[in-house]
Amino acid sequence: MELAYVCEWEKRPKNTHCPSIPLVCAWSCRNLVAFTTDLKNDDDDKDVSHMIHIIDTDHPWDVYSINSGHAEVISCLEWDQSGSRLLSADGDGQIKCWSMSDHLVNSWESCLSSSVDGDPIVALSWLHNGVKLALHVEMSGSTNFSEKFSRVKFSPSLTLFGGKPMEGWLAVTVSGLVTVSLLKPGGALLTASESLCRLRGRVALADIAFTGGGNIVVAATDGSSSSPVQFYKVVVSVVSEKCRIDTELLPSLFLRCTTDPLRREKYPAVTHLKFLTRENSEQVLLCASNQSGSIVECWSLRKEGLPVNNIFQHRSPVLLEKQPTILKWRILTTTTDMERVSAIALPKLPISISNTDLKVASDTKFCPGLGLALAFHDGSIQIFHRLSLQVMGVFYGSSSTSGPGQRPGDETSIKRQRTAGPILHFKALQFSWTSLALAGVDNHGKLHILRVSPSMGQVLEMNTTLRHLLFLLEYCMVTGYDWWDVLLHVQPNMVHNLVEKLHEEYMRQNQALQQVLATRIVAVKASLCKLSTATAARACDFHAKLLLIAISSTLKSLLRPLTLNPADKSPGDRLAEICAKNIDTDIDKVMLNLKTEEFVLDGPPLQSLQQLIQWVGDFVLYLLANLPNQGSMVRPGFGFMRDGASLGMLREMLVMIRIWGLLKSGCLPTFTATSDNQDSMQLLFRLLTKLWLCAREDGPPQDPDETLIDECCLLPSQLLVPSMEWLPVNDGVIVKLQGKLPLRLQFGKTLSLPGLGSPSVPMDAFTRSPSTQKMDNLRCIHMGVCPTEESKACTRCGCVTMLRSPNKTSAMKQWEQRWIKNCLCGGLWRRIPTTST
């Protein structure tokens, strides 16, 4: 099986990367990839800039390059659990913490730092926050998310008062020091260092893992395969406002290859040392190498009983009942002699490895989280089973002369390589958080993204493939992780079924969980629908639904009850209840059943929210005017025609707006009518109510009658119907990755994507001409044809909004503050140039 070659992103700086300098790569749960390069100055070979590059995988050409300020080569990069902060460490003992500036993925700054002067860092990790989830393949058919993804009891590395986890990081140096930096609530940094053991020695390689009891385990080796691999328990505490570190020596091990007489001197160096997962300190992966080959061993820590001498067995039968035990490392499996390993990537998906789960995963060919990737010096990547080390998949890379996908076994390729330059091979490799993609940096400084099949290339039935992808999408929904790498495997013909099945599973959850995931599932559906021209219009509907939910909750939050009685329902709940029961088509009669005193607000908040109120009015008018044209599912707005909940929400807001219009006429939506005595709000409410009655959830769905369709046909002659220009247009690369051919991109050069339109899809819904008015999709205002204000765009849905607020009123600022960190869909923000807004 070959991994599909998806992307290659290349930066060709003035000074090429020096292949002898090690590279580092890290992939966050928000699908941000960070990697390092080192650029030499032409004038002075000693002057090297140590660069950190950060990209969003959907806009890889928009790279943010940081001159890190590190004096030596960067040896470690580590993302935190939220994917919003990055640690970097170098060969001079300097550790820097990078965070987003203004919450933009292409704007970063160093906010904190610590150092162990002159002591190179060999291992780095954030302290554990105590959150651990287990993914159960056995329960993939369950209807309950809590059975599929269970919370595992796990203690944080350090807790504050009340059990809140304390943030910070831990590093291991080459001289055998462990250094801890803690982030105090006030923002100050508390640091401490301690030796791993009394007799300090050189640490060439190290790795860090965590135990369920809140302890930290460090594995370390001096780089020689004949030396023991040492393990240490590290306990971090705060005593009298000072950080304290306690260390304890744990059982060690010797590599199996050094005890084998045939291999004793064959692999002199340990080149890789990794715990299989950061939450499992009882399984470790070791790689020993020579100049041309490597061997990999997997070890497990087990509890074993101590044999008791026969003398004590006869004299003390109690010993037989309570046999003493010790912890001992036992080898699980080992590989045969292989090509020299250049990089290792371990899976981040927390798949349960119980016997039942492993059997179900094997039977259903569900492979994510079960494989670890090894990159070799011949340019290939092999994926091995994490327990048995059996080969599950192979990818053949490209040499410096041959094209991608050429196998080293090809005779012509071998002849070329003998006379050509060195073969390209990966020096850094990282799995995505669902283990469905690999990011790698090769020895020429190029960045590659590889797609990893959920079944490792094994042929599956369509239903099984859909079930695997659905399982991982649900996991991303529950955890809040980005699902870009899952979309790599969704073909256009799968989109409709995935959206329907995802909705069915969501509706089976309890009411509380549905409320938590309400907006997240809409964002997932919107991402899926963009992958197919047949469902692209539904993506517009899902974005509109996200905006509708946000505006509805914001407007309802302005209502205040007359008396503060906890037993009473909120004004917003009463409004929803009355509008659901009252099926009158006259908006004024519905309004009479409400306590209008609860809707009394000051003038300025209402006036400042007029642009959001205008969007609600325009959207209702657009839906009703397009009702006669909804003959197929490809037209934007179709998804609302049978969505009783959304139509009911629009109906509630029209009632609210009608009451506020009596208090402040300036807040009412403005419509261009052909008649001076036309009551536009009354007309829209009447038609909307008739449509809502056809789609109510408590009754059988009905098709709109001929009378309603005829009245909607007349709407364009009564009111000017707005265009669809307020919909965002996504320019991400994901829609181009559905094919099998490789896609080559270059940093700084934007990929121009053709519109998703087809003869049956209105082109203006998805594309914009240069002369089109640009929209601020969050504030619902026009920015002009050539905006002069700096703007930001969502990395996921393409929603555009101005970077700085033009509003002075508190009500509008509160609306904007809701989206300061994330977009409506939960995506991250990136700054976009003024000319490409």
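Figured I'd write up the structure that's included with this text. Given the structure is predicted, the values throughout are model-derived calculations rather than measurements.

1. Things to note about the overall build of the protein chain
Looking only at helices and strands, the protein chain has 20 helices and 37 strands in total. Here the protein chain, with 837 residues, has 53% of them falling under the buried criterion. For the protein chain, the exposed surface amounts to about 36,300 Å²; the carbon and sulfur share of it is 51%.

2. Brief notes about the sheet that holds strand β10 (residues 121-126)
What the four strands build is an open sheet, ordered β10-β13-β14-β15; its pairing is antiparallel. Edge strands, defined here as strands with exactly one partner in the open sheet, are β10 and β15 (189-195). Recorded for the sheet is a direction-independent mean angle of 15° between the axes of neighbouring strands. Here strand β13 (residues 167-173) runs beside strand β14 (residues 177-183); their pairing, made up of six bridges, is antiparallel. Across the sheet, the residue bridging to Trp169 is Ser181, located in β14.

3. Here we look at helix α11 (residues 518-529)
Between its terminal C-alpha atoms α11 stretches 17 Å, which fits the 16 Å expected from twelve residues at 1.5 Å a residue. Counting buried positions along α11 yields nine of twelve residues, so the element is predominantly enclosed. Where α11 is concerned, the buried positions are Ile521, Val522, Ala523, Val524, Lys525, Ala526, Ser527, Leu528 and Cys529. On its buried face, α11 is in contact with α7 (462-479), α8 (484-487), α9 (495-507) and α12 (536-557).

4. Describing the packing of aromatic side chains
Scanning the entire structure with this criterion turns up 14 aromatic pairs. Summarising the aromatic geometry, the rings of Trp126 and Trp169 are spaced 5.9 Å apart at their centres and angled 85° between planes, so their arrangement reads as edge-to-face. Of this pair, Trp126 sits in strand β10 while Trp169 sits in strand β13; the two residues are 43 residues apart in sequence, bridging distant segments of the chain. We classify Trp169 as buried; its relative accessible area is 0%. Clustering of aromatic rings is evident, with ring pairs tying together Phe145, Phe149, Phe366, Trp433, Phe471, Tyr475 and Tyr481. Sitting over the ring of Trp483, Arg796 keeps its end group 3.9 Å from the ring centre.

5. A short note on the pattern of salt bridges
For the structure on display, the rule yields 27 salt bridges. When the shortest N-O distance is used, the salt bridge between Lys184 and Glu241 registers 3.3 Å. Of this pair, Lys184 sits in the loop between β14 and β15 while Glu241 sits in the loop between β18 (229-239) and β19 (242-253), placing them 57 residues apart in sequence. Overall, Lys184 belongs to the partly exposed group, its relative accessible area being 29%. Its salt-bridge partner being Arg779, residue Glu816 comes within 2.6 Å of it at the nearest N-O pair. On the criterion of sequence distance, the pair formed by Glu816 in helix α20 (residues 810-817) and Arg779 in the loop between β33 (774-776) and β34 (781-784) is long-range, its members being 37 residues apart. Under the relative-accessibility criterion, Glu816 is labelled buried at 11%. Beyond isolated ion pairs, a larger network of salt bridges with shared partners links Lys148, Glu474, Glu505 and Arg508.

6. Details of the pairing of strand β26 (residues 371-376)
Burial analysis of β26 places six of its six residues in the buried class, which makes it a mostly covered element. Taking every second residue as pointing to the same face, both faces of β26 are buried, with Gly371, Ala373 and Ala375 on one and Leu372, Leu374 and Phe376 on the other. Relative to β26, strand β25 (residues 341-345) is paired through four bridges, and the arrangement is antiparallel. Looking at the pairing, Ala345 lines up with Ala373 of β26. Sheet topology places β26 next to strand β27 (residues 380-385); five bridges connect them, and they run antiparallel. Of the residues in β27, the one forming a bridge with Leu374 is Gln382. Here β26 folds back onto β27, and the loop between the two strands holds three residues, one of which, Gly379, carries a positive phi near 95°.

7. Structural notes on the sheet that holds strand β35 (residues 791-794)
Read across the open sheet, the three strands follow the order β36-β35-β37; overall the sheet is antiparallel. The sheet is open, and its two edges are formed by β36 (800-802) and β37 (829-832), each paired on a single side. On average, each strand axis in the sheet is tilted by 35° relative to the strand beside it, whichever way the strands run. Of the pairings in the sheet, the one linking β35 to β36 comprises three bridges and is antiparallel in character. What sits directly across from Lys792, in β36, is Thr801.

8. Concerning the environment of Asp586
Looking at where Asp586 falls in the secondary structure, it is placed in the loop between α13 (571-581) and α14 (587-592). For Asp586, a relative accessible area of 23% puts it in the partly exposed group. For the pair Asp586 and Leu683, spaced 97 residues apart in the sequence, the C-alpha separation amounts to 8.8 Å. Here Asp588 takes part through its backbone nitrogen, which lies 3.0 Å from a polar atom of the side chain of Asp586. A distance of 3.1 Å separates polar atoms of two side chains, one belonging to Asp586 and the other to Gln682.

9. Observations concerning the side chain of Asn626
Along the polypeptide, Asn626 turns up in the loop between α16 (610-625) and α17 (644-663). Here the side chain of Asn626 touches Tyr622 through a polar contact of 2.8 Å, landing on its backbone oxygen.

10. Points about the packing of α16 against helix α18 (residues 680-694)
Where α16 contacts α18, the two axes come as close as 10 Å, and the packing angle between them is 60°. One way to sum up the angle between α16 and α18 is to call them oblique. In this structure, the crossing between α16 and α18 has a hand that is left-handed. On α18, the residues touching Gly617, Val620, Leu621 and Leu624 of α16 are Leu684, Leu687, Leu688 and Leu691. Partitioning the contact of α16 with α18 into residue classes produces seven nonpolar, one polar and no charged.

Basis of the calculations
Residues numbered from 1 in each chain as written. Predicted model: local features only at pLDDT ≥ 70, side-chain atom pairs only at ≥ 80, totals over all residues. Heavy atoms only, no water. Helix = DSSP H or I, 4+ residues; strand = E, 2+ residues; numbered from the N terminus. Buried < 20%, exposed > 50% of the residue type's maximum accessible area, 1.4 Å probe, protein only. Areas by Shrake-Rupley, 256 points an atom, 1.4 Å probe, with all protein chains shown as cover. Pairing = 2+ DSSP bridges. Axes fitted to C-alpha atoms, helices over the stretch in contact; angles between N-to-C directions. Expected span 1.5 Å × (residues − 1). Contact = heavy atoms within 4.5 Å. Phe/Tyr/Trp six-rings, centres within 6.5 Å; stacked < 30°, edge-to-face > 60°. Lys NZ or Arg CZ within 6 Å of the ring centre and 35° of its normal. Salt bridge = Lys/Arg side-chain N within 4 Å of Asp/Glu carboxyl O. Polar contact = N/O pair within 3.5 Å; in protein donor to acceptor, adjacent residues only side chain to side chain. Parallel < 35°, antiparallel > 145°, perpendicular 65-115°, else oblique. Left-handed = near helix turned anticlockwise from the far one by under 90°. Nonpolar A, V, L, I, M, F, W, Y, C, P; charged D, E, K, R; others polar.

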